[in-house]
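# Structural characterization, general
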Amino acid sequence: GQIVPDLRLPDPSGKERLLSDLRGQVVLVDFWASWCRPCRAESPELVRMYSAYNEMGFEIFSVSLDGTERQPNAKEAWINAIADDGLYWPNHVSDLQGWNASSTRLYGFQSIPFTLLLDRDGRILERGLRGAPLEAAIQNALK
């Protein structure tokens with residue numbers, strides 16, 4: 001139930017986006033990367049849930065952990081994954097630092113995909129949900 005620490009990171013065009021700008025909506029903070037197969041496997045479900053619940057006040061804030069040392073074209077891979085998976089929501093951010101990203105230290109997770117579901121005030125409702133449990137939590141939060 002604590003208020004989540006704010007994130008301020010650039011989107012693919014370089015524009016800074018703040019997680020706190022989404023207050024007033026139910027927000028899924030989704031930590032992922034283009035190289036993460038389980039993350040990419042979740043993409044169709046996230047697209048479906050965004051389509052189903054966005055007009056009811058649901059938003060996704062996608063934080064990419066692209067930028068590992070084995071990823072020479074990290075920004076291109078990130079942008080291509082967004083397009084290839086049809087992740088059409090506007091809030092995609094990354095500092096392109098891979099596991100050295102500021103968000104991993106701030107939120108203390110060690111594997112992806114990792115999610116946080118936030119209420120309209122920015123308080124953490126759930127951690128680590130995917131699939132049907134995530135959808136049920138979204139529905140409950142939107143009531």
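Below you will find a few notes about this structure. (Residues numbered from 1 in each chain as written. Predicted model: local features only at pLDDT ≥ 70, side-chain atom pairs only at ≥ 80, totals over all residues. Heavy atoms only, no water.)

### Comments concerning the environment of Tyr53
When you line up the elements, Tyr53 lands in helix α1 (residues 37-53). Along the chain, Tyr53 and Val26 lie 27 residues apart, while their C-alpha atoms are 9.6 Å from each other. Ignoring anything within four residues of it in the chain, the contact list for Tyr53 reads Phe58, Glu135, Ile138, Gln139 and Leu142. (Helix = DSSP H or I, 4+ residues; strand = E, 2+ residues; numbered from the N terminus. Contact = heavy atoms within 4.5 Å.)

### Regarding the state of the cysteines
What the rule picks out here adds up to one disulfide. Covalently, Cys36 is tied to Cys39 through a disulfide, its sulfur atoms 2.3 Å apart. Judged by the sign of its S-S torsion, about 75°, the cystine formed by Cys36 and Cys39 is right-handed. Neither Cys36 nor Cys39 differs from the other in exposure class; each is buried. (Disulfide = S-S within 2.5 Å. Buried < 20%, exposed > 50% of the residue type's maximum accessible area, 1.4 Å probe, protein only.)

### Details of the packing of aromatic side chains
Applying the stated criterion across every chain yields a total of eight aromatic pairs. Ring centres of Phe31 and Phe109 lie 4.5 Å apart, and the angle between their planes is 40°; this geometry places the pair in the tilted category. One end of the pair, Phe31, is in strand β3 (residues 26-32); the other, Phe109, is in the loop between α3 (102-107) and β6 (114-118), and 78 residues separate them in sequence. Judged by its relative accessible area of 0%, Phe31 falls in the buried class. An aromatic cluster is present here, built from Phe31, Trp99, Tyr107, Phe109 and Phe114 joined pairwise through their rings. (Phe/Tyr/Trp six-rings, centres within 6.5 Å; stacked < 30°, edge-to-face > 60°.)

### Here's the deal with the pairing of β3
Counting buried positions along β3 yields seven of seven residues, so the element is predominantly enclosed. Note: β3 against strand β4 (residues 58-64), seven bridges, orientation parallel. Of the residues in β4, the one forming a bridge with Trp32 is Ser64. Of the crossover connections in this fold, the one passing from β3 over α1 to the parallel β4 is right-handed. As defined by bridge partners, β3 adjoins β6 across five bridges and the pair is classed as antiparallel. Looking across to β6, one finds that Asp30 is bridged to Thr115. (Pairing = 2+ DSSP bridges. Right-handed = clockwise from strand over helix to strand, strands pointing away.)

### Things to note about the pairing of β4
Counted residue by residue, β4 has seven buried out of seven residues, so it is predominantly covered. Bridge count between β4 and strand β5 (residues 92-93): two bridges; the pairing is parallel. Within the sheet, the bridge partner assigned to Ser62 lies in β5 and is His92. The β-α-β motif built from β4, the intervening helix α2 (residues 74-84) and the parallel element β5 has right-handed crossover chirality.

### Examining the sheet that holds β5
Across the sheet, five strands lie side by side as β5-β4-β3-β6-β7; this open sheet has mixed pairing. Looking at the sheet topology across the chains shown, the edges are occupied by β5 and β7 (124-127). Where β6 and β7 come together, three bridges link them in antiparallel fashion. Bridge pairing in β7 places Leu117 opposite Glu126. The strands touched by helix α4 (residues 131-142) are β3, β4, β6 and β7; relative to β3, the strand with the most contacts, the crossing angle is about 150°. (Axes fitted to C-alpha atoms, helices over the stretch in contact; angles between N-to-C directions.)

Take it as geometry only, folks, not as evidence of what the structure does.
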